[in-house]
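One-letter residues, chain by chain:
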Amino acid sequence: MRVSGRAINGLNRREFLIMTGMAATGLAMGCATNPVTGKSQFMIMDEKQEIAVDRQQSPHQFSSDYGTVQDRALQVYVQTSGMRLTPNTHRSHMPYNFHCVNANYVNAYAFPGGSIACTRGILLELENEAELAALLGHELGHVNARHTAEIMSKAQLTNMAVGGLAILTSVAVGSGAGNLAGQLGQLGSGALLASYSRDNERQADSLGMKYMARSGYGPQGMVGLMEMLNSMNQHKAGVTDLLFATHPMSSERYQTAVNQATNDYRQYNGQPLYRERFMDNTAGLRKIKGAIKKMQEGEEAMGKEQFSQAEGLFKQALDEVPSDYVGLLLMAKCQLVQKKDSEAERYADRAKQVYPDEAQAYHISGITKIRNKKYDAAYEDFSIYERRLPGNPNTVFFQGLSLEGMEKVQPAAQAYNSYLKQVQQGKQAQYAYQRLKEWGYIK
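For every chain, the first residue of the written sequence is number 1, and numbering continues from 1 along that sequence. Restriction of local features to residues with pLDDT of at least 70 applies here, the model being predicted, together with a cutoff of 80 or more for giving and counting side-chain atom pairs; totals for whole chains, interfaces and linings are based on all residues. Only heavy atoms go into the side-chain values, all of them from the structure, while hydrogens and water stay out.

J.: What should I look at first to understand the overall build of the protein in this one?
T.: Within the protein, the secondary structure is distributed over 22 helices and five strands. Note on exposure labels: buried denotes an accessible area under 20% of the residue type's maximum, exposed denotes more than 50%, and partly exposed covers the range between, all computed with a 1.4 Å probe on protein chains only. By residue count, 56% of the 443 residues in the protein fall in the buried class. For the protein, the accessible surface area stands at approximately 18,600 Å², while carbon and sulfur atoms represent 48% of it. Under the scheme used here, helices are H or I runs from DSSP no shorter than 4 residues and strands are E runs no shorter than 2 residues, and both carry numbers assigned from the N terminus. Surface accessibility follows the Shrake-Rupley procedure with a 1.4 Å probe radius. Residue values consider only the protein chains on display as shielding.

J.: Sorry, what's going on with the nonpolar core here?
T.: It is characteristic of soluble globular proteins that their nonpolar side chains tend to be buried jointly. Only buried Ala, Val, Leu, Ile, Met, Phe, Trp, Tyr and Cys residues count toward a nonpolar core, and they belong to the same one when joined by side-chain atoms within 4.5 Å. In this structure, Leu-123 and Leu-225 are the most contacted members of the largest nonpolar core, which totals 49 residues. Working rule for contacts: check all heavy atoms of both residues, and any pair within 4.5 Å makes them a contact. Those residues in contact with Leu-123 that sit more than four places away from it in its chain are Leu-74, Val-78, Cys-100, Cys-118, Leu-132, Phe-278 and Leu-285. Met-295, Ala-301, Met-302 and Ala-351 belong to the second-largest nonpolar core, a separate cluster that totals 47 residues.

J.: Sorry if this is basic, but what is going on with the packing of aromatic side chains here?
T.: To describe a pair of aromatic rings, you give the distance between the ring centres and the angle between the ring planes. Side-chain rings of Phe, Tyr and Trp, where Trp is taken by its six-membered ring, are said to pair if the distance between their centres is within 6.5 Å; with planes under 30 degrees apart they count as stacked, over 60 as edge-to-face, and otherwise as tilted. Applying the stated criterion across every chain yields a total of 16 aromatic pairs. When the centroid spacing of 5.8 Å and the interplanar angle of 85° are considered together, the rings of Tyr-217 and Tyr-274 count as edge-to-face. Placement of Tyr-217 in the loop between helix H8 (198-214) and helix H9 (220-235) and of Tyr-274 in the loop between helix H11 (251-264) and helix H12 (275-281) is noted, with a sequence separation of 57 residues between them. Ring centres 5.9 Å apart and planes at 40° place the aromatic pair Tyr-265 and Tyr-268 in the tilted group. Looking at Tyr-265, the relative accessible area reads 11%, which means it is buried. Through pairs of rings, three or more aromatic residues link up here, namely Phe-382, Phe-397, Phe-398, Tyr-416, Tyr-419, Tyr-431 and Trp-439. Any Lys NZ or Arg CZ found within 6 Å of a ring centre and within 35 degrees of that ring's normal is scored as a charge over the ring. Above the face of the Tyr-347 ring, Arg-346 is positioned so that its terminal group lies 4.6 Å from the ring centre.

J.: How should the sheet that holds strand S5 (residues 115-119) be read in this particular structure?
T.: Within a sheet, adjacent strands bond to each other through the backbone by hydrogen bonds, running parallel or antiparallel. Any two strands are treated as partners once DSSP identifies two or more bridges connecting them. Overall, mixed pairing links the three strands, which are arranged S3-S5-S4 in an open sheet. On the outer flanks of this sheet lie strand S3 (97-101) and strand S4 (108-110), each paired with one strand and no other. Neighbour to neighbour, the strand axes of the sheet diverge by 15° on average, direction disregarded. When S3 meets S5, the two strands line up parallel, connected through five bridges. The residue bridging Asn-97 from the neighbouring strand is Ser-115, located in S5. Orientation is described by axes fitted as lines to C-alpha atoms, over the contacting stretch for helices, and by angles from 0 to 180 degrees between their N-to-C directions. Lying on the sheet, helix H2 (residues 47-64) is in contact with S3, S4 and S5; it crosses S5 at an angle near 10°.

J.: Help me understand the environment of Met-152 in this model?
T.: Take Met-152: it is sitting in helix H6 (residues 147-155). In this structure the C-alpha to C-alpha distance between Met-152 and Ile-44, which are 108 residues apart in sequence, comes to 8.7 Å.

J.: For this particular structure, what's the right way to read the pattern of salt bridges?
T.: A side chain with one charge can pair with a side chain of the opposite charge if their charged atoms come near. Should a side-chain nitrogen of Lys or Arg be within 4 Å of a carboxyl oxygen of Asp or Glu, the pair is scored as a salt bridge. A full pass over the atoms with the stated rule returns 25 salt bridges. In this structure, the salt-bridge partner of Glu-252 is Arg-202, at a minimum N-O distance of 2.9 Å. With a gap of 50 residues between them, Glu-252 in helix H11 and Arg-202 in helix H8 connect regions that are remote in the sequence. Relative accessible area serves as the criterion here: at 39%, Glu-252 is assigned to the partly exposed category. A salt bridge links Glu-345 to Lys-369, with the nearest nitrogen and oxygen atoms 3.6 Å apart. One end of the pair, Glu-345, is in helix H17 (residues 341-354); the other, Lys-369, is in helix H18 (residues 360-371), and 24 residues separate them in sequence. By relative accessible area, which is 8% here, Glu-345 ends up buried. Residue class for Lys-369 comes out buried when judged on its relative accessible area of 7%. Among the charged side chains, a salt-bridge network with shared partners connects Glu-345, Asp-349, Lys-352, Lys-369, Lys-374 and Asp-381.

Okay, structure coming up:
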(Lines give C-alpha, C1' and ligand atoms only; values in the text may rest on other atoms or scores of the structure.)
Protein backbone atom coordinates (compact mmCIF):
# COMPACT_ATOMS: atom_id res chain seq x y z
CA MET A 1 0.00 0.00 0.00
CA ARG A 2 1.45 3.38 -1.05
CA VAL A 3 0.92 6.67 0.73
CA SER A 4 2.76 8.75 -1.85
CA GLY A 5 0.92 9.89 -4.97
CA ARG A 6 -2.37 8.04 -5.37
CA ALA A 7 -3.23 5.56 -2.64
CA ILE A 8 -5.96 2.99 -2.14
CA ASN A 9 -9.62 3.86 -2.76
CA GLY A 10 -8.69 6.93 -4.79
CA LEU A 11 -7.24 8.85 -1.82
CA ASN A 12 -4.08 10.87 -2.19
CA ARG A 13 -1.42 10.99 0.51
CA ARG A 14 -2.90 14.00 2.28
CA GLU A 15 -6.41 12.52 2.28
CA PHE A 16 -5.07 9.20 3.51
CA LEU A 17 -3.22 10.83 6.41
CA ILE A 18 -6.33 12.85 7.30
CA MET A 19 -8.43 9.73 7.39
CA THR A 20 -5.93 7.75 9.43
CA GLY A 21 -5.81 10.68 11.83
CA MET A 22 -9.58 10.56 12.07
CA ALA A 23 -9.41 6.88 12.88
CA ALA A 24 -6.98 7.64 15.68
CA THR A 25 -9.53 9.99 17.21
CA GLY A 26 -12.09 7.24 17.33
CA LEU A 27 -14.04 7.54 14.06
CA ALA A 28 -14.90 4.19 12.58
CA MET A 29 -12.92 4.29 9.33
CA GLY A 30 -13.03 1.50 6.82
CA CYS A 31 -14.69 0.04 3.79
CA ALA A 32 -18.26 -1.00 3.22
CA THR A 33 -19.91 -3.07 0.54
CA ASN A 34 -21.58 -0.86 -2.03
CA PRO A 35 -25.28 -1.81 -2.18
CA VAL A 36 -25.36 -1.32 -5.96
CA THR A 37 -22.11 -2.88 -7.16
CA GLY A 38 -21.37 -5.28 -4.32
CA LYS A 39 -17.80 -4.01 -4.36
CA SER A 40 -15.77 -2.47 -1.55
CA GLN A 41 -16.33 1.28 -1.07
CA PHE A 42 -14.47 3.70 1.21
CA MET A 43 -16.92 4.71 3.93
CA ILE A 44 -16.79 6.08 7.48
CA MET A 45 -20.53 6.67 7.70
CA ASP A 46 -23.08 4.00 8.44
CA GLU A 47 -26.68 4.18 7.30
CA LYS A 48 -27.92 5.70 10.56
CA GLN A 49 -25.37 8.50 10.18
CA GLU A 50 -26.48 9.13 6.60
CA ILE A 51 -30.05 9.56 7.78
CA ALA A 52 -29.01 11.74 10.73
CA VAL A 53 -26.90 14.04 8.53
CA ASP A 54 -29.77 14.27 6.06
CA ARG A 55 -32.29 15.23 8.73
CA GLN A 56 -29.95 17.86 10.12
CA GLN A 57 -29.00 19.47 6.81
CA SER A 58 -31.78 19.05 4.26
CA PRO A 59 -34.25 21.43 5.98
CA HIS A 60 -31.67 24.23 5.74
CA GLN A 61 -31.16 23.65 2.02
CA PHE A 62 -34.90 23.44 1.38
CA SER A 63 -35.37 26.77 3.16
CA SER A 64 -32.48 28.27 1.21
CA ASP A 65 -34.54 27.28 -1.83
CA TYR A 66 -37.58 29.11 -0.39
CA GLY A 67 -39.27 26.02 1.00
CA THR A 68 -41.55 23.42 -0.50
CA VAL A 69 -44.05 24.81 -3.01
CA GLN A 70 -47.35 25.96 -1.54
CA ASP A 71 -49.23 24.29 -4.37
CA ARG A 72 -50.19 21.26 -2.30
CA ALA A 73 -51.39 19.24 -5.30
CA LEU A 74 -48.08 19.77 -7.10
CA GLN A 75 -46.09 18.73 -4.02
CA VAL A 76 -48.19 15.57 -3.62
CA TYR A 77 -47.66 14.80 -7.30
CA VAL A 78 -43.87 15.04 -7.01
CA GLN A 79 -43.88 12.98 -3.81
CA THR A 80 -46.10 10.31 -5.37
CA SER A 81 -44.00 10.19 -8.53
CA GLY A 82 -40.85 9.66 -6.50
CA MET A 83 -42.35 7.03 -4.23
CA ARG A 84 -43.49 5.09 -7.31
CA LEU A 85 -39.80 4.43 -8.03
CA THR A 86 -38.50 3.49 -4.59
CA PRO A 87 -39.64 -0.19 -4.46
CA ASN A 88 -37.36 -0.86 -7.44
CA THR A 89 -34.24 0.69 -5.90
CA HIS A 90 -31.36 -1.14 -4.21
CA ARG A 91 -32.17 0.48 -0.85
CA SER A 92 -35.94 0.45 -0.86
CA HIS A 93 -36.02 0.62 2.96
CA MET A 94 -34.59 4.14 3.16
CA PRO A 95 -36.89 6.94 4.47
CA TYR A 96 -37.33 8.62 1.09
CA ASN A 97 -39.13 11.92 0.73
CA PHE A 98 -39.50 14.07 -2.37
CA HIS A 99 -40.04 17.81 -2.62
CA CYS A 100 -40.66 20.44 -5.23
CA VAL A 101 -38.97 23.54 -3.82
CA ASN A 102 -39.76 27.13 -4.78
CA ALA A 103 -36.33 28.03 -6.20
CA ASN A 104 -36.30 29.38 -9.75
CA TYR A 105 -32.93 27.98 -10.81
CA VAL A 106 -32.77 24.66 -12.67
CA ASN A 107 -31.63 21.80 -10.45
CA ALA A 108 -32.43 18.67 -8.47
CA TYR A 109 -30.47 17.20 -5.59
CA ALA A 110 -30.39 14.45 -3.00
CA PHE A 111 -29.20 14.14 0.58
CA PRO A 112 -27.65 10.87 1.75
CA GLY A 113 -30.61 9.66 3.81
CA GLY A 114 -33.12 9.88 0.96
CA SER A 115 -34.38 13.49 0.99
CA ILE A 116 -34.68 14.55 -2.65
CA ALA A 117 -35.78 17.86 -4.15
CA CYS A 118 -36.35 19.33 -7.56
CA THR A 119 -36.81 23.05 -8.15
CA ARG A 120 -39.83 24.61 -9.79
CA GLY A 121 -37.33 25.95 -12.32
CA ILE A 122 -36.43 22.48 -13.60
CA LEU A 123 -40.06 21.30 -13.58
CA LEU A 124 -40.81 23.99 -16.14
CA GLU A 125 -38.20 22.47 -18.46
CA LEU A 126 -39.69 18.94 -18.42
CA GLU A 127 -42.19 17.62 -20.95
CA ASN A 128 -43.72 14.56 -19.28
CA GLU A 129 -43.85 12.45 -16.14
CA ALA A 130 -41.30 9.97 -17.50
CA GLU A 131 -38.75 12.81 -17.62
CA LEU A 132 -39.64 13.65 -14.02
CA ALA A 133 -39.20 9.96 -13.13
CA ALA A 134 -35.80 10.02 -14.86
CA LEU A 135 -34.81 13.11 -12.89
CA LEU A 136 -35.88 11.64 -9.54
CA GLY A 137 -34.47 8.25 -10.52
CA HIS A 138 -31.10 9.84 -11.16
CA GLU A 139 -31.12 11.38 -7.68
CA LEU A 140 -32.19 8.03 -6.22
CA GLY A 141 -29.16 6.60 -7.99
CA HIS A 142 -26.89 8.91 -5.98
CA VAL A 143 -28.55 7.83 -2.73
CA ASN A 144 -28.45 4.12 -3.55
CA ALA A 145 -24.83 4.15 -4.69
CA ARG A 146 -24.01 6.15 -1.52
CA HIS A 147 -22.21 8.81 -3.56
CA THR A 148 -22.78 11.65 -1.10
CA ALA A 149 -21.78 9.53 1.88
CA GLU A 150 -18.58 8.53 0.09
CA ILE A 151 -17.78 12.15 -0.78
CA MET A 152 -18.43 13.20 2.81
CA SER A 153 -16.28 10.36 4.09
CA LYS A 154 -13.35 11.41 1.95
CA ALA A 155 -13.74 15.09 2.74
CA GLN A 156 -14.49 14.87 6.49
CA LEU A 157 -17.86 16.53 5.98
CA THR A 158 -19.92 14.47 8.41
CA ASN A 159 -20.32 17.59 10.53
CA MET A 160 -20.89 20.21 7.80
CA ALA A 161 -21.70 23.60 9.29
CA VAL A 162 -25.00 25.18 8.42
CA GLY A 163 -23.57 28.63 9.05
CA GLY A 164 -22.81 29.13 5.37
CA LEU A 165 -26.49 29.17 4.61
CA ALA A 166 -27.18 32.60 6.02
CA ILE A 167 -27.27 35.13 3.24
CA LEU A 168 -26.72 38.73 4.25
CA THR A 169 -24.15 37.56 6.76
CA SER A 170 -22.65 40.99 7.31
CA VAL A 171 -25.34 43.40 6.17
CA ALA A 172 -26.25 44.36 9.69
CA VAL A 173 -22.67 44.70 10.87
CA GLY A 174 -22.01 47.64 8.59
CA SER A 175 -19.28 47.76 5.97
CA GLY A 176 -19.97 44.37 4.44
CA ALA A 177 -22.91 45.48 2.31
CA GLY A 178 -20.84 45.92 -0.82
CA ASN A 179 -19.53 42.37 -0.65
CA LEU A 180 -23.04 41.00 -0.32
CA ALA A 181 -24.10 41.90 -3.83
CA GLY A 182 -22.96 38.58 -5.24
CA GLN A 183 -24.41 36.58 -2.36
CA LEU A 184 -27.79 38.25 -2.69
CA GLY A 185 -27.86 37.54 -6.39
CA GLN A 186 -26.99 33.86 -6.22
CA LEU A 187 -29.31 31.58 -8.13
CA GLY A 188 -29.28 29.15 -5.21
CA SER A 189 -27.24 28.64 -2.12
CA GLY A 190 -26.17 25.09 -2.76
CA ALA A 191 -24.08 25.33 0.40
CA LEU A 192 -24.85 21.78 1.47
CA LEU A 193 -25.01 20.07 -1.90
CA ALA A 194 -22.55 17.42 -3.02
CA SER A 195 -20.53 17.93 -6.18
CA TYR A 196 -20.45 14.66 -8.08
CA SER A 197 -17.80 13.28 -10.36
CA ARG A 198 -18.48 12.32 -13.97
CA ASP A 199 -18.29 8.66 -12.92
CA ASN A 200 -20.90 9.34 -10.22
CA GLU A 201 -23.14 10.94 -12.84
CA ARG A 202 -22.78 8.04 -15.25
CA GLN A 203 -23.70 5.56 -12.55
CA ALA A 204 -26.66 7.65 -11.36
CA ASP A 205 -27.92 7.93 -14.96
CA SER A 206 -27.70 4.17 -15.39
CA LEU A 207 -29.48 3.50 -12.12
CA GLY A 208 -32.12 6.11 -12.89
CA MET A 209 -32.87 4.42 -16.21
CA LYS A 210 -33.18 1.07 -14.47
CA TYR A 211 -35.44 2.36 -11.70
CA MET A 212 -37.80 4.26 -14.00
CA ALA A 213 -38.12 1.46 -16.56
CA ARG A 214 -38.83 -1.13 -13.88
CA SER A 215 -41.42 1.25 -12.41
CA GLY A 216 -43.44 1.37 -15.62
CA TYR A 217 -42.04 4.39 -17.48
CA GLY A 218 -40.75 4.45 -21.03
CA PRO A 219 -36.95 4.89 -21.12
CA GLN A 220 -37.40 7.74 -23.60
CA GLY A 221 -38.04 9.81 -20.48
CA MET A 222 -34.34 9.61 -19.63
CA VAL A 223 -33.43 10.42 -23.24
CA GLY A 224 -35.65 13.50 -23.11
CA LEU A 225 -34.16 14.63 -19.82
CA MET A 226 -30.60 14.22 -21.12
CA GLU A 227 -31.47 16.02 -24.35
CA MET A 228 -32.85 18.98 -22.39
CA LEU A 229 -29.87 19.12 -20.04
CA ASN A 230 -27.35 18.78 -22.86
CA SER A 231 -29.02 21.63 -24.76
CA MET A 232 -29.01 23.88 -21.68
CA ASN A 233 -25.37 23.01 -21.01
CA GLN A 234 -24.39 24.04 -24.53
CA HIS A 235 -26.24 27.33 -24.20
CA LYS A 236 -24.68 28.01 -20.74
CA ALA A 237 -27.85 29.42 -19.23
CA GLY A 238 -27.19 31.18 -15.91
CA VAL A 239 -30.03 29.34 -14.20
CA THR A 240 -28.09 26.09 -14.65
CA ASP A 241 -24.80 27.23 -13.11
CA LEU A 242 -25.32 25.33 -9.86
CA LEU A 243 -26.80 22.31 -11.64
CA PHE A 244 -23.75 21.76 -13.81
CA ALA A 245 -21.36 22.64 -10.99
CA THR A 246 -22.78 19.78 -8.91
CA HIS A 247 -23.88 17.50 -11.79
CA PRO A 248 -21.34 17.73 -14.64
CA MET A 249 -23.08 17.34 -18.01
CA SER A 250 -21.74 16.10 -21.35
CA SER A 251 -23.02 15.00 -24.73
CA GLU A 252 -21.70 11.55 -23.79
CA ARG A 253 -24.41 11.24 -21.12
CA TYR A 254 -27.08 12.02 -23.70
CA GLN A 255 -25.69 9.53 -26.21
CA THR A 256 -25.42 6.84 -23.54
CA ALA A 257 -29.10 7.34 -22.68
CA VAL A 258 -30.03 6.99 -26.37
CA ASN A 259 -27.99 3.78 -26.69
CA GLN A 260 -29.40 2.26 -23.51
CA ALA A 261 -33.00 3.07 -24.47
CA THR A 262 -32.45 1.61 -27.94
CA ASN A 263 -30.62 -1.52 -26.84
CA ASP A 264 -30.55 -2.43 -23.14
CA TYR A 265 -34.09 -1.24 -22.40
CA ARG A 266 -35.77 -1.76 -25.77
CA GLN A 267 -38.32 -4.14 -24.21
CA TYR A 268 -39.59 -1.20 -22.11
CA ASN A 269 -40.03 1.24 -24.99
CA GLY A 270 -43.77 0.62 -25.19
CA GLN A 271 -44.28 1.90 -21.66
CA PRO A 272 -45.99 5.29 -21.28
CA LEU A 273 -44.46 8.73 -20.77
CA TYR A 274 -47.60 10.18 -19.09
CA ARG A 275 -47.41 13.57 -20.77
CA GLU A 276 -51.05 14.47 -20.18
CA ARG A 277 -50.88 13.59 -16.47
CA PHE A 278 -47.74 15.68 -16.09
CA MET A 279 -49.33 18.64 -17.86
CA ASP A 280 -52.44 18.43 -15.72
CA ASN A 281 -50.46 18.40 -12.47
CA THR A 282 -48.09 21.20 -13.48
CA ALA A 283 -50.74 23.45 -15.05
CA GLY A 284 -50.71 25.90 -12.15
CA LEU A 285 -46.94 26.21 -12.26
CA ARG A 286 -46.88 26.70 -16.02
CA LYS A 287 -49.42 29.53 -15.70
CA ILE A 288 -46.79 31.60 -13.92
CA LYS A 289 -43.88 30.55 -16.14
CA GLY A 290 -43.51 34.06 -17.52
CA ALA A 291 -43.16 35.52 -14.03
CA ILE A 292 -40.63 32.84 -13.05
CA LYS A 293 -38.56 33.62 -16.15
CA LYS A 294 -38.55 37.29 -15.13
CA MET A 295 -37.32 36.27 -11.66
CA GLN A 296 -34.59 34.12 -13.20
CA GLU A 297 -33.44 37.09 -15.26
CA GLY A 298 -33.60 39.29 -12.17
CA GLU A 299 -31.45 36.89 -10.18
CA GLU A 300 -28.87 36.84 -12.95
CA ALA A 301 -28.87 40.65 -12.95
CA MET A 302 -28.38 40.59 -9.16
CA GLY A 303 -25.38 38.33 -9.59
CA LYS A 304 -23.91 40.91 -11.97
CA GLU A 305 -24.68 43.72 -9.48
CA GLN A 306 -27.14 45.28 -11.93
CA PHE A 307 -29.55 46.09 -9.14
CA SER A 308 -31.76 48.61 -10.90
CA GLN A 309 -32.35 46.17 -13.74
CA ALA A 310 -33.03 43.37 -11.27
CA GLU A 311 -35.54 45.52 -9.40
CA GLY A 312 -37.40 46.21 -12.61
CA LEU A 313 -37.57 42.53 -13.49
CA PHE A 314 -38.77 41.55 -10.02
CA LYS A 315 -41.43 44.26 -10.24
CA GLN A 316 -42.64 42.86 -13.55
CA ALA A 317 -42.83 39.38 -12.02
CA LEU A 318 -44.76 40.62 -8.98
CA ASP A 319 -47.17 42.49 -11.22
CA GLU A 320 -48.12 39.05 -12.59
CA VAL A 321 -47.97 37.11 -9.30
CA PRO A 322 -48.30 39.63 -6.42
CA SER A 323 -48.29 36.96 -3.70
CA ASP A 324 -45.36 34.88 -4.92
CA TYR A 325 -43.16 34.13 -1.91
CA VAL A 326 -39.95 33.94 -3.92
CA GLY A 327 -40.65 37.15 -5.82
CA LEU A 328 -41.35 39.03 -2.60
CA LEU A 329 -38.14 37.84 -0.95
CA LEU A 330 -36.05 38.51 -4.04
CA MET A 331 -37.40 42.04 -4.12
CA ALA A 332 -36.68 42.44 -0.39
CA LYS A 333 -33.07 41.36 -0.93
CA CYS A 334 -32.73 43.64 -3.94
CA GLN A 335 -33.99 46.57 -1.87
CA LEU A 336 -31.66 45.71 0.99
CA VAL A 337 -28.55 45.65 -1.12
CA GLN A 338 -29.54 49.08 -2.48
CA LYS A 339 -30.05 50.26 1.12
CA LYS A 340 -33.75 50.90 0.52
CA ASP A 341 -34.45 49.51 3.95
CA SER A 342 -38.05 50.59 4.44
CA GLU A 343 -39.07 49.08 1.10
CA ALA A 344 -37.15 45.93 1.93
CA GLU A 345 -39.04 45.61 5.20
CA ARG A 346 -42.36 45.99 3.44
CA TYR A 347 -41.64 43.17 0.97
CA ALA A 348 -40.24 40.87 3.68
CA ASP A 349 -43.30 41.41 5.87
CA ARG A 350 -45.53 40.57 2.92
CA ALA A 351 -43.54 37.37 2.33
CA LYS A 352 -44.13 36.33 5.94
CA GLN A 353 -47.85 36.81 5.42
CA VAL A 354 -48.06 34.69 2.26
CA TYR A 355 -45.95 31.78 3.62
CA PRO A 356 -45.95 32.02 7.43
CA ASP A 357 -44.57 28.52 7.98
CA GLU A 358 -41.39 29.02 5.92
CA ALA A 359 -38.34 30.27 7.79
CA GLN A 360 -36.33 32.38 5.34
CA ALA A 361 -38.73 35.33 5.31
CA TYR A 362 -38.22 35.80 9.07
CA HIS A 363 -34.46 35.93 8.59
CA ILE A 364 -34.74 38.56 5.85
CA SER A 365 -37.36 40.46 7.82
CA GLY A 366 -35.12 40.43 10.89
CA ILE A 367 -32.31 41.99 8.88
CA THR A 368 -34.61 44.73 7.60
CA LYS A 369 -35.81 45.42 11.15
CA ILE A 370 -32.22 45.82 12.38
CA ARG A 371 -31.43 48.16 9.52
CA ASN A 372 -34.54 50.18 10.42
CA LYS A 373 -33.59 50.14 14.13
CA LYS A 374 -36.68 48.14 15.13
CA TYR A 375 -34.67 45.90 17.41
CA ASP A 376 -37.53 44.36 19.39
CA ALA A 377 -39.27 43.30 16.19
CA ALA A 378 -35.97 42.00 14.78
CA TYR A 379 -35.40 39.85 17.85
CA GLU A 380 -38.90 38.41 17.49
CA ASP A 381 -38.28 37.59 13.83
CA PHE A 382 -35.04 35.76 14.58
CA SER A 383 -36.69 33.89 17.44
CA ILE A 384 -39.44 32.71 15.11
CA TYR A 385 -36.79 31.74 12.53
CA GLU A 386 -35.02 29.65 15.17
CA ARG A 387 -38.25 27.87 16.04
CA ARG A 388 -39.00 27.19 12.37
CA LEU A 389 -35.45 26.16 11.48
CA PRO A 390 -33.21 25.45 14.47
CA GLY A 391 -29.48 24.91 14.23
CA ASN A 392 -28.19 27.90 12.26
CA PRO A 393 -25.58 29.70 14.43
CA ASN A 394 -26.12 32.95 12.53
CA THR A 395 -29.51 33.21 14.18
CA VAL A 396 -27.80 33.49 17.56
CA PHE A 397 -25.53 36.24 16.26
CA PHE A 398 -28.43 38.29 14.92
CA GLN A 399 -30.35 37.81 18.15
CA GLY A 400 -27.30 39.23 19.91
CA LEU A 401 -27.22 42.16 17.51
CA SER A 402 -30.90 42.81 18.17
CA LEU A 403 -30.38 42.65 21.94
CA GLU A 404 -27.45 45.04 21.64
CA GLY A 405 -29.68 47.46 19.76
CA MET A 406 -32.18 47.17 22.62
CA GLU A 407 -29.28 48.04 25.00
CA LYS A 408 -29.59 44.69 26.75
CA VAL A 409 -25.87 44.17 27.10
CA GLN A 410 -25.77 41.05 29.26
CA PRO A 411 -28.12 38.89 27.12
CA ALA A 412 -26.40 40.26 24.00
CA ALA A 413 -23.06 39.17 25.42
CA GLN A 414 -24.48 35.73 26.16
CA ALA A 415 -25.69 35.44 22.55
CA TYR A 416 -22.32 36.53 21.16
CA ASN A 417 -20.52 34.09 23.45
CA SER A 418 -22.81 31.28 22.29
CA TYR A 419 -22.16 32.22 18.68
CA LEU A 420 -18.38 32.19 19.16
CA LYS A 421 -18.56 28.69 20.59
CA GLN A 422 -19.85 27.59 17.18
CA VAL A 423 -18.11 29.98 14.77
CA GLN A 424 -14.61 31.41 15.22
CA GLN A 425 -13.89 33.02 11.85
CA GLY A 426 -15.39 35.73 9.68
CA LYS A 427 -16.64 39.28 10.16
CA GLN A 428 -19.45 38.26 12.48
CA ALA A 429 -17.07 36.39 14.77
CA GLN A 430 -14.72 39.37 14.79
CA TYR A 431 -17.58 41.68 15.63
CA ALA A 432 -18.85 39.45 18.44
CA TYR A 433 -15.37 39.06 19.90
CA GLN A 434 -14.70 42.80 19.78
CA ARG A 435 -17.96 43.56 21.54
CA LEU A 436 -17.24 41.05 24.29
CA LYS A 437 -13.81 42.58 24.71
CA GLU A 438 -15.17 46.13 24.85
CA TRP A 439 -17.78 45.11 27.43
CA GLY A 440 -15.17 43.47 29.63
CA TYR A 441 -16.26 39.88 29.16
CA ILE A 442 -12.93 39.05 27.54
CA LYS A 443 -9.69 40.31 29.02
